Amino acid sequence: MTAVGIDAIEIWTGNLKLDLPGTFAPEKGEDPEKYTKGLGLTASSFPDSYEDIVTMAANAAHRLMERKGLEPEDIGRIDVATESAFDNSKPVSTYVAGCLETVYDGDFHHANKGERKFACIAGTQSLDDAYNWIRAGRNRGRGALVIATDTALYARGDAGEATQGAGAVAMYIAEDPDLVELSAEQGYGSADETDFLKPNQQFPSVDGKRSVQVYLARMREALEDYESVAGDVHPDDIVFAPFHTPFPGMVRKAAMLAYRHITRDTAIEDELAEEIGRQPRPEAFDTDDAYRDALREYMDALKGTARYQEWYDATIDPTLTLSREVGNWYTGSVHVARVSALKTALEAGRDLTGEQLLVGSYGSGAQAEIHAETIQDGWEDEIAALNVDEQLANRYDMSWDDYEEIHDAHNHDMDVDVEEFTTPSEEFVFDGWGRMGERKYRYVE
Ligand code: CAA
């Protein structure tokens, strides 16, 4: 069977930056280490006044098409995943296609376009749709453009304000991919939850503490479901495990849970037992509470072992490097984590061809999904072609007053005009409103 997977990937960050320990913490009267050590974040990306989910998506897609030499006729599907859409009818993918058609001779009139919604997991679901479309043989030799784009803004003063972010990830899904092959096996953990939602409102209603627990519960279910079809996962099988990263501290918790799960009944558990005892099993306890207390104690001890720390440093920490600098990109976040890990490996000169990633996606509401990816032999060229470091370094570093202005400028309930902080160059920009309330865009040379 021919491999199907991600052939290329591109990242587009919002052009502004908010320094969390330097600018945000003093205004909030918080210890900067709450952000750098607790949440694990140093900065967030923000959209300038001429940027939005369409411009970031179109810019990421344009870079990808240019780099891969793709023309519109090579693309049979455009799916945009977002939880920041501004229209309940017209999908963002039509705007993105419209933008791209202004810079290419061809058009996307015979491409199937759509928009996927399930909070942050929608990007991964769009990968599924593309995979299934190709596997079903309906693609006529073409690939699919999947774009995850979000302006992850919270209401001012919400606890989530520290985890904001804005950016887009564009991916080209095709047969015989250069970057990673997607596994046919998947596991799901899905339940009707009210942890984070936007009932026809721009900024989310969030039960932050509960959302953390729901993330962990659904991820555990997804891992069990994945193992039921793919067989037990062993730490030695995985080179990196990119997770959905609302903030790195969340992944720290998920990683610990995953490690406990995948080392149970293995030689690793036996070796660790000499130091911290065996993992608690529910059947050994009279009450649920007693079992949970024992689990907490075991996890605390596990965290302090050199064995766990080495695994975390090798398998998880490299997935978080970019997230620390950009914050939460909702639908794009797990795809940023994948890039982050591969980029770290490239910089370390590692040979990863044939190695496996275990990818954990999550969307509030809530659903987690786990699948595996096999790294392909074109990965080094693909990752080396990214200019994400340059993009991050070029962001305008906002003062507190700048931040307040730009947050208001992107607030749909406010009508404020803000001068742009950066000068757009070779990118799509927002260009005002049309007669039916539609957004207009143009390409700036
Ligand atoms: N030095 C070091 N660490 C510190 C510290 C300091 N001075 N001060 C606090 N910390 C630590 C805390 O101990 C805590 O770590 P642990 O959880 O490991 O104990 C961490 O920093 C955060 O501190 P708080 O819990 O006090 O922070 P908070 O209550 O202000 O906000 C939050 C945390 C509730 C998660 C908030 O950021 C939030 O609501 N975020 C949005 C929701 C979210 O991202 N949820 C994640 C799961 S849902 C999801 O993944 C979907 C999605 O994308 C939104």
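Note that the structure is a prediction, hence the values are computed from the model and not measured. (Residues numbered from 1 in each chain as written. Predicted model: local features only at pLDDT ≥ 70, side-chain atom pairs only at ≥ 80, totals over all residues. Heavy atoms only, no water.)

Participant: Help me understand a negative patch on the surface in this model?
Facilitator: Taken together, the side chains of Glu175, Asp176, Asp351, Glu355, Asp377, Glu380 and Asp381 make up a negatively charged region of the molecular surface. Note on placement: aspartate 351 falls in the loop between α12 (333-347) and β11 (356-363). Taking the relative accessible area as the measure of exposure, aspartate 351 reaches 60% and is therefore exposed. (Patch = residues over 30% accessible without salt bridge, like charges linked within 9 Å, V, L, I, M, F, W, Y side chains within 5 Å. Areas by Shrake-Rupley, 256 points an atom, 1.4 Å probe, with all protein chains shown as cover. Salt bridge = Lys/Arg side-chain N within 4 Å of Asp/Glu carboxyl O. Lys, Arg positive; Asp, Glu negative; His and termini not counted. Charge placed at Lys NZ, Arg CZ, Asp CG, Glu CD. Helix = DSSP H or I, 4+ residues; strand = E, 2+ residues; numbered from the N terminus. Buried < 20%, exposed > 50% of the residue type's maximum accessible area, 1.4 Å probe, protein only.)

Participant: Hey, could you run me through the site of the ligand in this one?
Facilitator: The environment of the ligand is made up of 26 residues, and the closest members are Lys34, Lys209, Ser211, Lys253 and Asn328. Serine 211 places a side-chain nitrogen or oxygen 2.8 Å from a nitrogen atom of the ligand. Between the ligand and histidine 244 there is a distance of 2.9 Å, counted from an oxygen atom to a side-chain nitrogen or oxygen. When isolated, the ligand has an accessible area of 1,000 Å², and the protein chains bury 72% of it. Contributing elements (two or more residues each) for the shell around the ligand: α2 (32-39), α6 (208-230) and α7 (248-263). (Near = heavy atom within 4 Å. Polar contact = N/O pair within 3.5 Å; in protein donor to acceptor, adjacent residues only side chain to side chain.)

Participant: Would you mind going over the packing of aromatic side chains with me for this structure?
Facilitator: When we look at a pair of aromatic rings, we describe it by the centre distance and by the angle of the planes. Under the counting rule described, the total for this entry stands at 19 aromatic pairs. Geometrically, the ring pair formed by phenylalanine 24 and tyrosine 35 is edge-to-face, given 5.5 Å between the ring centres and 80° between the ring planes. A residue pair is termed long-range when its members are at least 10 positions apart, and phenylalanine 24 in helix α1 (residues 20-28) and tyrosine 35 in helix α2 qualify at 11 residues. What makes phenylalanine 24 buried here is its relative accessible area of 2%. Aromatic pair tyrosine 259 and tyrosine 308: ring centres 5.1 Å apart, planes at 70°, arrangement edge-to-face. Pair noted here: tyrosine 259 is in helix α7 and tyrosine 308 is in helix α10 (residues 306-315), with a separation of 49 residues, a long-range link. The two residues tyrosine 259 and tyrosine 308 agree in class, both being buried. Put simply, the rings of Phe24, Tyr35, Phe46, Trp400 and Tyr403 pair up and form one aromatic cluster. Sitting over the face of the ring of tyrosine 95, lysine 90 holds its NZ or CZ atom 4.5 Å from the ring centroid. The side chain of arginine 439 reaches across the aromatic face of phenylalanine 430, ending 5.7 Å from its centre. (Phe/Tyr/Trp six-rings, centres within 6.5 Å; stacked < 30°, edge-to-face > 60°. Lys NZ or Arg CZ within 6 Å of the ring centre and 35° of its normal.)

Participant: Help me out: how do you make sense of the UniProt feature "domain: Hydroxymethylglutaryl-coenzyme A synthase C-terminal" (unreviewed entry) in the protein in this one?
Facilitator: Under the feature "domain: Hydroxymethylglutaryl-coenzyme A synthase C-terminal" (unreviewed entry), the UniProt entry names residues 195-412. As annotated, residues 195-412 has a helix share of 54% and a strand share of 11%, and its two end C-alpha atoms lie 23 Å apart. (UniProt positions renumbered as here; feature names shortened; annotations may be inferred.)

Participant: I'm lost on the sheet that holds strand β13 (residues 396-397) in this one. Help?
Facilitator: Across a sheet, paired strands are connected by hydrogen bonds in the backbone, their directions being either parallel or antiparallel. Spatially, three strands are ordered β3-β2-β13 in an open sheet, and the strand pairing comes out mixed. The open sheet terminates on both sides in strands that have one partner only, identified here as β3 (43-46) and β13. Relative to strand β2 (residues 16-19), α1 is tilted by about 60°, and along the sheet it contacts β2 and β3. (Pairing = 2+ DSSP bridges. Contact = heavy atoms within 4.5 Å. Axes fitted to C-alpha atoms, helices over the stretch in contact; angles between N-to-C directions.)

Participant: Looking at this structure, how should I read the packing of α6 against α7?
Facilitator: Angle between the axes and distance between the axes: these two values describe a pair of packed helices. Orientation of α6 relative to α7, taken along the N-to-C sense of each, is 35°, at an axis distance of 10 Å. When the axes of α6 and α7 are compared, the crossing they make is right-handed. Judged by residue contacts, Val212, Tyr215, Leu216, Arg220, Leu223, Glu224 and Glu227 of α6 engage Met250, Val251, Lys253, Ala254, Leu257, Ala258, His261 and Ile262 from α7. Taken together, the residues that form the contact of α6 with α7 break down as 10 nonpolar, one polar and four charged. (Left-handed = near helix turned anticlockwise from the far one by under 90°. Nonpolar A, V, L, I, M, F, W, Y, C, P; charged D, E, K, R; others polar.)

Participant: Is there a simple way to explain the pairing of strand β8 (residues 180-190) in this structure?
Facilitator: Looking along a regular strand, one sees side chains alternate from face to face of the sheet. Across two bridges, strand β1 (residues 4-13) lies against β8 in antiparallel orientation. The residue bridging glycine 5 from the neighbouring strand is glutamate 181, located in β8. Inspection of the sheet shows β8 paired to strand β12 (residues 367-375) by eight bridges, in the antiparallel sense. For glycine 189, the partnering residue across the bridge sits in β12 and is alanine 368.

Participant: Would you mind showing me how to read helix α8 (residues 267-276) here?
Facilitator: In an α-helix, one full turn covers 3.6 residues, which means residues spaced three or four apart are oriented alike. Regarding α8, the residues found buried are Ile268, Glu269 and Leu272. Down the axis of α8, the smallest arc covering the buried residues is 90°, so these residues share one side. Elements in contact with the buried residues of α8: α7, α9 (288-303) and α10. Trailing α8 by a residue or two, glycine 277 shows a phi angle of about 85°, which is positive. (Arc of directions from axis to C-beta.)

Participant: So what exactly am I meant to see when it comes to the pattern of salt bridges here?
Facilitator: The full count for this structure, using the stated rule, is 32 salt bridges. Taking the shortest distance from any N to any O, the salt bridge between arginine 220 and glutamate 224 comes out at 3.4 Å. Taken together, the residues arginine 220 and glutamate 224, both in helix α6 and four residues apart, mark about one turn of the helix. The class for glutamate 224 is partly exposed, based on a relative accessible area of 38%. In this structure, aspartate 288 engages arginine 292 in a salt bridge whose closest nitrogen and oxygen atoms are separated by 3.5 Å.

Participant: I'm lost on the nonpolar core in this one. Help?
Facilitator: As a rule of thumb, nonpolar side chains are buried together in soluble globular proteins. Formed by 55 residues in total, the largest nonpolar core has its most connected members in Phe46, Tyr215, Phe243, Tyr308, Trp311 and Ile316. Here this core takes nine residues from α7, the largest share from any one element. The contact partners of tyrosine 215, leaving out residues within four places of it in the chain, are Phe243, His244, Pro246, Met250, Val251, Ala254 and Tyr362. If you look at the next biggest cluster of nonpolar residues, it comprises 37 residues, including Val146, Val180, Leu322 and Val336. (Core = buried A, V, L, I, M, F, W, Y, C linked by side-chain atoms within 4.5 Å.)

Participant: Help me out: how do you make sense of the sheet that holds β12 in this one?
Facilitator: Overall, mixed pairing links the eight strands, which are arranged β5-β4-β6-β7-β1-β8-β12-β11 in an open sheet. Of all strands in the sheet, those bounded by a partner on one side alone are β5 (112-116) and β11. Adjacent strand axes in the sheet meet at a mean angle of 25°, parallel and antiparallel pairs treated alike. Seen against the sheet, helix α3 (residues 53-68) touches β1, β4 (75-81), β6 (143-152) and β7 (165-175) and runs at an angle of roughly 125° to β1. Contacts from helix α5 (residues 122-135) reach β1, β4, β5, β6, β7, β8, β11 and β12 within the one sheet, and its direction differs from that of β4 by about 160°.

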